[in-house]
Amino acid sequence: MIHEEITVQETINAERFVLRPCRKSDAGLIAMYAADERVARGTRSIPHPLPPGTIEAMIDRAAQPDRTEDIWVIDGSEHGHAEALGLISLERMDRQQSEVFYWIAPAFWNTGLASEAVRALIAANPHQSERIFAEVFQDNPGSARVLTNCGFDYLGDAEAFSVARNATVPTWTYTLKVD
């Protein structure tokens, strides 16, 4: 396997926030949001209840030079919003492909922040991906709308394990060819 050199994660500007690398000081606010069962159930990887140290460990992993996933905090503080509104990440896959994951704190749902974050990440294309994949649980149509609003095409049905639900859950898979 060829190991690509991991570069410093860039900050990406959007209209209402910036996407920036995680900082240790983010742990408390992100843990508060991630501990919300509604957030955890919408993800594959966030456990519920949230064990102590989970978010600190995620922030440490995000800073490792050999990471396969870049994680950005959706930071609205420069625009009069909260310092953390949610997270968005991009996981490296083979053949110049990536998979995007995101969640928004419930207080900011239905505000267009997720769509804006996904669009900003696609425009920046920090992994120089030719194709980006995403999946959402089928009981989360709002997240599916985010993807279709951002130009993703429906690829098919699948399933993924959700740690919070301790179950395999039906998903919709999407793909976007990046220009």
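This text gives an overview of the structure that appears in the document.

Each value, and the rule that gives it
- Every chain is numbered independently, its residues counted from 1 as its sequence is written.
- Note on the predicted model: pLDDT of at least 70 is required for a residue's local features to be given, and 80 or more for side-chain atom pairs to be given and counted; whole-chain, interface and lining totals, by contrast, use all residues.
- Working from all heavy atoms in the structure, the side-chain values ignore hydrogens and water.
- In short, DSSP must find at least two bridges between two strands for them to pair.
- Working definition: helices are DSSP H or I runs of at least four residues, strands are E runs of at least two. Numbering for both runs from the N terminus.
- Salt-bridge detection follows one rule: a side-chain nitrogen of Lys or Arg within 4 Å of a carboxyl oxygen of Asp or Glu.
- The rule is simple: take the accessible area with a 1.4 Å probe, protein chains only, and divide by the maximum for that residue type; under 20% is buried, over 50% is exposed, in between is partly exposed.
- Expected span, for any helix, means 1.5 Å times one less than how many residues it has.

1. With respect to the sheet that holds strand β5 (residues 97-104)
Part 1 of the reasoning: Pairing in this open sheet of eight strands is mixed, and the strands run β1-β2-β3-β4-β5-β6-β8-β7 from one edge to the other. Here the strands that pair on one side only, and so sit at the sheet edges, are β1 (12-13) and β7 (153-162).
Part 2 of the reasoning: With six bridges joining them, strand β3 (residues 69-75) and strand β4 (residues 86-92) adopt antiparallel strand pairing. Looking at the pairing, V73 lines up with L87 of β4.

2. Some remarks on the pattern of salt bridges
Close approach of charged atoms allows side chains of opposite charge to pair.
Part 1 of the reasoning: According to the stated counting rule, one finds 14 salt bridges in the structure shown.
Part 2 of the reasoning: D26 is the partner of R20 in a salt bridge, and the nearest nitrogen-oxygen pair spans 2.7 Å.
Part 3 of the reasoning: Using a relative accessible area of 5% as the deciding quantity, one classes R20 as buried.
Part 4 of the reasoning: What you see here is one network of salt bridges that share partners, running through R20, R23, D26, D75 and E83.

3. Some remarks on the pairing of strand β2 (residues 18-21)
Part 1 of the reasoning: As paired strands, β1 and β2 are joined by two bridges and run antiparallel to one another. Within the sheet, the bridge partner assigned to I12 lies in β2 and is L19.
Part 2 of the reasoning: Between β1 and β2, which pair antiparallel and follow one another directly, the connecting turn spans four residues.
Part 3 of the reasoning: Note: β2 against β3, four bridges, orientation antiparallel. Looking at β3, one finds that L19 is bridged to I74.

4. A look at helix α4 (residues 113-124)
Part 1 of the reasoning: Helix length check: α4, at 12 residues, gives a terminal C-alpha distance of 16 Å against a target of 16 Å (1.5 Å per residue), a fit within 8%.
Part 2 of the reasoning: Counting buried positions along α4 yields nine of 12 residues, so the element is predominantly enclosed.
Part 3 of the reasoning: By the burial criterion, the buried members of α4 are L113, A114, S115, E116, A117, V118, A120, L121 and I122.
Part 4 of the reasoning: Just beyond α4, the residue with positive phi is N125, at close to 40°.

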